[in-house]
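What the coordinates show
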Amino acid sequence: MSAWQGADGPAPTPEQLAAYADGELDGRPEAEGLCRRIEAWLARHPEAAADLQAQRALERLWQATTPAEPAESAWADVLARLEDIPLSPAAGPARSARLRARAAWAAVLLGASAAALWLALVLLRPAEERQVVRKGPPAPGPRLPAVRGELVPEAVEPFPVATADEFEILSMPGADAGALVVGEPLLQGPMVLVAAGEVEMVQTEPEVRMGGDGPPMVWTPLERQRAEP
Amino acid sequence: MAVITAACPPVPTDEQLLARLARGDRAGLEELFRRYRGLAYRVAHRLLGNEADALDAVQEGFAKALTHLPGFQGRSTFKTWLLRVVSNAALDLGRQRGRREALSLDGCAAGERERLDPRTRDDPTAGLERADLRRLLDRALAALPDAQRRTFVLHAEAELSYREVAEVLGISIGTVMSRLYYARQKLRAYLSRWVKL
């Protein structure tokens with residue numbers, strides 16, 4: 001299938017058209033929109049039907065050349081040789097399923113025991129000790145995190161997971177849109193994803209200029225793994 | 001005349017047959033072999049191009065499946081697991097036996113080459129027997145990179161969905177789509193010299 005360049009809206013990719021012709025989009029609610037878009041696009045581009053017909057012609061050729069089955073005697077020979085192979089002592093999926101079930105039960109029991117132990121430790125602590133946090137000044141350390149816009153009441157004892165200097169912010173969604181900037185930018189230069197020698201350019205989209213007379217930007221969608229001709 | 005009806009015994013599932021096999025019941029092997037030998041053979045034949053090698057690949061694939069049965073976790077179906085093993089075995093055999101060299105057009109006999117050459121015939125599609133078409137397709141397949149050939153054969157011959165092919169090969173659906181696209185492009189480019197597509 002040839003690569004189309006849609007001048008009147010985003011054209012479906014050749015891979016999407018092939019998937020459409022293969023029936024891979026049928027019966028998939030999440031692909032309904034794409035299906036409708038492809039059908040509308042095909043109605044506006046009847047020349048693309050030739051590519052779909054070529055795909056079907058290849059299928060017919062494929063089916064017309066299905067290899068003939070070997071003689072029954074050939075199968076009998078193969079089976080006889082397979083019969084000579086000793087079976088592995090360990091059972092396959094049935095045993096694996098049993099092992100998985102046992103592991104799941106063990107995990108559940110372990111979790112329940114841990115929860116019971118934690119509850120016992122909390123409830124059996126002397127009452128004075130439990131009230132220290134409520135009566136005393138706030139303990140130094142990191143502020144309690146906001147929960148749905150409200151601070152956790154001081155009466156609730158914090159469960160220490162980490163101190164302030166034990167974690168590092170690696171990324172923050174929307175951090176470049178607001179006013180909050182913490183520390184230095186994580187990257188001091190371009191982020192290198194691949195080296196030049198690791199990429200083979202197979203096909204590029206039409207050049208796009210990001211305003212002005214700057215250099216053209218060549219781009220390719222990330223989700224399509226073009227690096228494999 | 002009295003009509004006697006007998007209830008058919010339920011057909012055991014693959015899982016039941018595997019469980020039997022795991023208990024040492026050889027009948028499970030025989031039934032699984034009968035169930036999937038044809039499919040495995042057609043896939044191997046497409047990957048290798050001849051019956052003898054394809055039968056060897058099927059035997060090796062089933063043998064590996066038997067010896068690696070404990071490694072089958074039941075996360076995928078037996079069919080997709082077996083096809084992975086058989087197609088692996090077929091590609092290994094192909095590499096060992098130099099399938100590409102045997103099937104390349106350079107290796108054609110002069111007479112056959114002339115017969116297939118469209119310049120020596122008025123109608124590029126006329127007179128092509130099924131055996132000729134199969135040979136052409138075999139050569140076109142042999143010209144594909146292993147990954148594309150395997151992906152295309154699993155989809156076209158084993159009729160696996162994109163998702164199943166992705167599962168067999170341990171790749172993403174996007175990669176399956178990409179490989180199918182390039183495989184079809186190359187097959188069409190190759191075959192269009194002889195066949196109208």
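Just above sits the structure.
This report concerns the structure included in the present document. These figures come from a predicted structure and were not determined experimentally.

Attention now moves to the overall build of chain B. Secondary structure assignment for chain B yields 10 helices and zero strands. Along chain B, from the amino end to the carboxyl end, the secondary structure elements read α-α-α-α-α-α-α-α-α-α. Looking at the 197 residues of chain B, the share that counts as buried comes to 52%. Long-range contacts, defined as pairs at least 24 residues apart, comprise 65% of the intrachain contacts of chain B with a sequence gap of at least 6. In the structure as shown, chain B presents an accessible area of about 9,400 Å², 51% of it carried by carbon and sulfur atoms.

Before going further, it helps to spend a moment on the packing of aromatic side chains. Taken as a whole, this structure holds eight aromatic pairs over all chains when the rule is applied. Ring centres of Trp62(A) and Phe152(B) lie 5.1 Å apart, and the angle between their planes is 85°; this geometry places the pair in the edge-to-face category. Of this pair, Trp62(A) sits in helix 3 (residues 49-64) while Phe152(B) is found in helix 8 (residues 146-156), placing the two residues in two different chains. The burial state of Trp62(A) is the same as that of Phe152(B); both residues are buried. Taken together, the aromatic side chains of Trp75(A), Phe33(B), Tyr41(B) and Phe62(B) make up a single cluster linked through ring pairs. In this structure, Arg46(B) is placed above the aromatic ring of Trp62(A), and the distance from its NZ or CZ to the ring centre is 3.9 Å. A cation sits over an aromatic face here: Arg193(B) above Tyr190(B), 4.6 Å from the ring centre.

What follows deals with the side chain of Asp14(B). Considering the arrangement of structural elements, one finds Asp14(B) in helix 1 (residues 14-22). In this structure, Asp14(B) is in contact with Leu32(B), Arg35(B), Tyr36(B) and Phe78(B), ignoring residues within four places of it in sequence.

On to the environment of Asp138(B). Note that Asp138(B) resides in helix 7 (residues 130-142). Expressed as a C-alpha distance, the spacing of Asp138(B) and Leu48(B), which sit 90 residues apart in the sequence, is 8.2 Å.

What follows deals with unusual backbone geometry. Residues and elements named next belong to chain B. In this model, glutamate 159 sits at a positive phi of 55°, which is unusual for a non-glycine residue. Locating glutamate 159 in the fold gives a position in the loop between helix 8 and helix 9 (162-169). On the accessibility criterion, glutamate 159 (62% relative accessible area) is exposed.

What follows deals with the packing of helix 8 of chain B against helix 9 of chain B. Residues and elements named next belong to chain B. Two numbers describe how helix 8 lies on helix 9: the axes approach to 10 Å, and their chain directions differ by 135°. Taken together, helix 8 and helix 9 sit at an angle that is classed as oblique. Read as a crossing pair, helix 8 and helix 9 show a hand that is right-handed. Taken together, the residues of helix 9 that come into contact with helix 8 (itself represented by Arg150, Thr151, Leu154 and His155) are Tyr162, Val165, Val168 and Leu169.

On to the pattern of salt bridges. Between side chains of opposite charge, pairing is possible as soon as their charged atoms come close. In this structure the tally under the stated criterion is 18 salt bridges over all chains. Here Arg34(B) and Glu30(B) are joined by a salt bridge, their closest N and O atoms 3.4 Å apart. Of this pair, Arg34(B) and Glu30(B) both sit in helix 2 (residues 26-48), four residues apart, which is roughly one turn of that helix. Relative accessible area serves as the criterion here: at 43%, Arg34(B) is assigned to the partly exposed category. Via salt bridges that share partners, Glu72(A), Glu30(B), Arg34(B) and Arg37(B) belong to a single interconnected network.

So, about the interface of chain A and chain B. Contacts between chain A and chain B engage 49 residues on the former and 56 residues on the latter. Linking chain A with chain B are 14 residue pairs in polar contact (both at pLDDT 80 or more). Looking at the side of chain A that touches chain B, the elements that each hand over two or more residues are helix 1 (14-21), helix 3, helix 4 (72-83) and helix 5 (93-123) of chain A. With nine residues, helix 3 of chain A is the largest single contributor of residues to the side of chain A that touches chain B. A per-class count over the side of chain A that touches chain B returns 28 nonpolar, nine polar and 12 charged.

What follows deals with helix 1 of chain B. Among the residues of helix 1 of chain B, those classed as buried are Asp14(B), Leu17(B), Leu18(B), Ala19(B), Leu21(B) and Ala22(B). Immediately beyond the C-terminal end of helix 1 of chain B, within one or two residues, lies Gly24(B), with a positive phi of roughly 95°.

With that settled, the discussion passes to the packing of helix 4 (residues 78-97) of chain B against helix 9 of chain B. All names here are of chain B. Close contact between helix 4 and helix 9 brings their axes to 9 Å; oriented N to C, the two are set at 55°. By the angle between their directions, the pair helix 4 and helix 9 is classed as oblique. Helix 9 is crossed by helix 4, and the crossing has right-handed handedness. Residue-level inspection shows Thr80, Leu83 and Arg84 of helix 4 in contact with helix 9, the latter providing Glu164, Glu167 and Val168. Grouping the amino acids of the contact of helix 4 with helix 9 by side-chain chemistry returns two nonpolar, one polar and three charged.

Here we take up a nonpolar patch on the surface. All names here are of chain A. A cluster of nonpolar side chains, namely Leu193, Val194 and Val199, defines an oily patch on the protein surface of about 290 Å² accessible area. Mapped onto the elements, valine 194 comes out in the segment after strand 2 (150-151). For valine 194, a relative accessible area of 48% corresponds to the partly exposed category.

So, how was this worked out
Residues numbered from 1 in each chain as written. Chains lettered and ligands numbered in written order. Predicted model: local features only at pLDDT ≥ 70, side-chain atom pairs only at ≥ 80, totals over all residues. Heavy atoms only, no water. Helix = DSSP H or I, 4+ residues; strand = E, 2+ residues; numbered from the N terminus. Buried < 20%, exposed > 50% of the residue type's maximum accessible area, 1.4 Å probe, protein only. Contact = heavy atoms within 4.5 Å. Areas by Shrake-Rupley, 256 points an atom, 1.4 Å probe, with all protein chains shown as cover. Phe/Tyr/Trp six-rings, centres within 6.5 Å; stacked < 30°, edge-to-face > 60°. Lys NZ or Arg CZ within 6 Å of the ring centre and 35° of its normal. Axes fitted to C-alpha atoms, helices over the stretch in contact; angles between N-to-C directions. Parallel < 35°, antiparallel > 145°, perpendicular 65-115°, else oblique. Left-handed = near helix turned anticlockwise from the far one by under 90°. Salt bridge = Lys/Arg side-chain N within 4 Å of Asp/Glu carboxyl O. Polar contact = N/O pair within 3.5 Å; in protein donor to acceptor, adjacent residues only side chain to side chain. Nonpolar A, V, L, I, M, F, W, Y, C, P; charged D, E, K, R; others polar. Patch = residues over 30% accessible without salt bridge, like charges linked within 9 Å, V, L, I, M, F, W, Y side chains within 5 Å.

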